[in-house]
Amino acid sequence: MKLNRVDVDLGPRSYPVLIGNGLISELGQIVREQGLKQTAAFVLTNRQVGGKHFAKVRRALEKAAFTRVVRHNIPSVESGKSWKNLERTCKKLLEEFPDTGSVPLIFLLGGGVVGDLGGFAAGIFRRGVAFVQLPTSLLAAVDSSVGGKVAVNFSGVKNILGVFNQPRLVVCDLALLQTLDERQLRSGVSEVIKYGAVCRGSLFAELEAGALKKLMARDPDTLADVVHQSVEIKARVVEQDEFDKKGIRNVLNFGHTIGHGLELSAYHPEADASEAPTHGEAIAIGMVAATHLAMKLGMVDETFDRRLRGLLAVAGLPATMREFRAQQAGGDYPDLHERIIRAIQMDKKFRDGKNVFVLPTGIGSWRQVENVDWGLVNEAVRVVLA
Ligand SMILES: NC(=O)c1ccc[n+]([C@@H]2O[C@H](COP(=O)([O-])OP(=O)(O)OC[C@H]3O[C@@H](n4cnc5c(N)ncnc54)[C@H](O)[C@@H]3O)[C@@H](O)[C@H]2O)c1
Ligand SMILES: [Zn+2]
């Protein structure tokens, strides 16, 4: 079996990310090789992912002398990433593992929602319990499982309650990604395009030259290469700015300022969650909006915009809300423009009323720009909402 390994070098908090096909069947052994000696396991997942893949995890752990494997589900939608579900998860942990002698190793089997909520629970339960990320969505594989940012949404603000908490190990079994539905696959592809667009021009060019088509067809070699490159890019960024204090980690937010605003604004608790844009769809639209800002500020020309939109089109990702509505049922939200502006004003990066945007300066490069004229921001939002 071909195995790719990326080491995230964070001194005492270093850990490897292992990427390969069929890795889950060797999970127990891999965990032992990392020196993790627990005999109890707590597997956080959801019905959808757990239904398909939990049995394999349990079998692999039991083979490596785990005597107890407890499963807990959270909802399989973004709204499940809530304080309420964090509380329920901690309650379940306490009920199942009431004394210090029985602290389990926590496994997070799922996409970014399971990984973000579970990593937070692992960080606060008994002041911190070791955990292992088992990403099952492409988005989690290329982005959220690496880097240690864990959080829940609260009071209508995305990721506002959270901590930095690095996993002890990330095991990415690419075979698990085969059961992802098409739309969720696209959502992860959006982050891959982001890496190419602002971090690594050669990746962008490879995607244009055919890798994106193969990725959409889940070609195993392409999947392995793209996940490997993406994790490498993310690891190098995180190593330079683990706690997001130096501005370096901001690069990962290309498309996320307006994208997050859209993601949160379009979400209605009463509505069918499948009608709201996924994280990746929102980020695709957010990247187009940010590119509009960069063009207006003279940082890139139309070529960047054309190439970005070209890749989004190959992936079937929307560049605008009009395209989103054409692809998905629903998508008509009242006061969306105003709500996006209000949501982006809550952005964690904004200070003293000054906005901060990560904008491209060419394919594979970027710069942070502060205090972008709000009239221009409004215009960029209008362009993608039209
Ligand atoms: N911590 C970070 O650094 C970071 C980075 C990027 C995104 N995020 C967060 O990640 C979340 C989005 O992650 P996501 O896109 O993985 O969403 P998700 O966790 O909601 O997963 C998307 C859907 O796919 C399903 N799914 C996942 N794996 C599957 C599989 N193998 N087979 C079948 N179905 C599967 C899930 O049940 C869910 O319904 C957002 O909350 C975002 O804020 C965090
Ligand atoms: Zn993202």
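Check the entry above for the structure.
Nothing here was measured: the structure is a model prediction, and the numbers come from that model. (Residues numbered from 1 in each chain as written. Chains lettered and ligands numbered in written order. Predicted model: local features only at pLDDT ≥ 70, side-chain atom pairs only at ≥ 80, totals over all residues. Heavy atoms only, no water.)

J.: Would you explain the coordination of the zinc ion (ligand 2) in this entry?
T.: In an ideal tetrahedron of four donors about a metal, each angle is 109.5 degrees. In an ideal octahedron of six donors, the angles are 90 or 180 degrees. Taken together, Glu191 (OE), His256 (NE2) and His279 (NE2) make up the full set of protein donors to the zinc ion (ligand 2), lying 1.9 to 2.1 Å away. Read in sequence order, the donor residues coordinating the zinc ion (ligand 2) give the pattern E-x64-H-x22-H. Here histidine 279 lies in helix α10 (residues 279-296) and histidine 256 lies in helix α9 (residues 256-265), a separation of 23 residues in the sequence. Of the two residues, histidine 256 and histidine 279, neither departs from the other in class, the shared state being buried. (Donors = N, O, S within 2.8 Å, 3.2 Å for Na, K, Ca; no water. Helix = DSSP H or I, 4+ residues; strand = E, 2+ residues; numbered from the N terminus. Buried < 20%, exposed > 50% of the residue type's maximum accessible area, 1.4 Å probe, protein only.)

J.: What is the right way to read the environment of arginine 309 from this model?
T.: Residue placement: arginine 309 occurs in helix α11 (residues 302-315). Put simply, arginine 309 and alanine 60 are 249 residues apart on the chain and 43 Å apart in space, counted from C-alpha to C-alpha.

J.: Just checking my understanding: could you explain the nonpolar core for this structure?
T.: Judged by nonpolar contacts, the single largest core of 82 residues is most densely connected at Val17, Leu138, Val189, Ile193, Leu212, Val227 and Leu312. The dominant element in this core, judged by the number of residues it contributes, is α10, at ten residues. Beyond its immediate stretch of four places on either side in the chain, isoleucine 193 contacts Phe204, Leu207, Leu212, Met287, Leu308, Leu311, Leu312, Ala315 and Leu317. Formed by 25 residues, the second largest nonpolar core is a distinct cluster that contains Ile30, Leu105, Ala130 and Leu134. (Core = buried A, V, L, I, M, F, W, Y, C linked by side-chain atoms within 4.5 Å. Contact = heavy atoms within 4.5 Å.)

As far as function goes, none of this settles anything; it's purely spatial.
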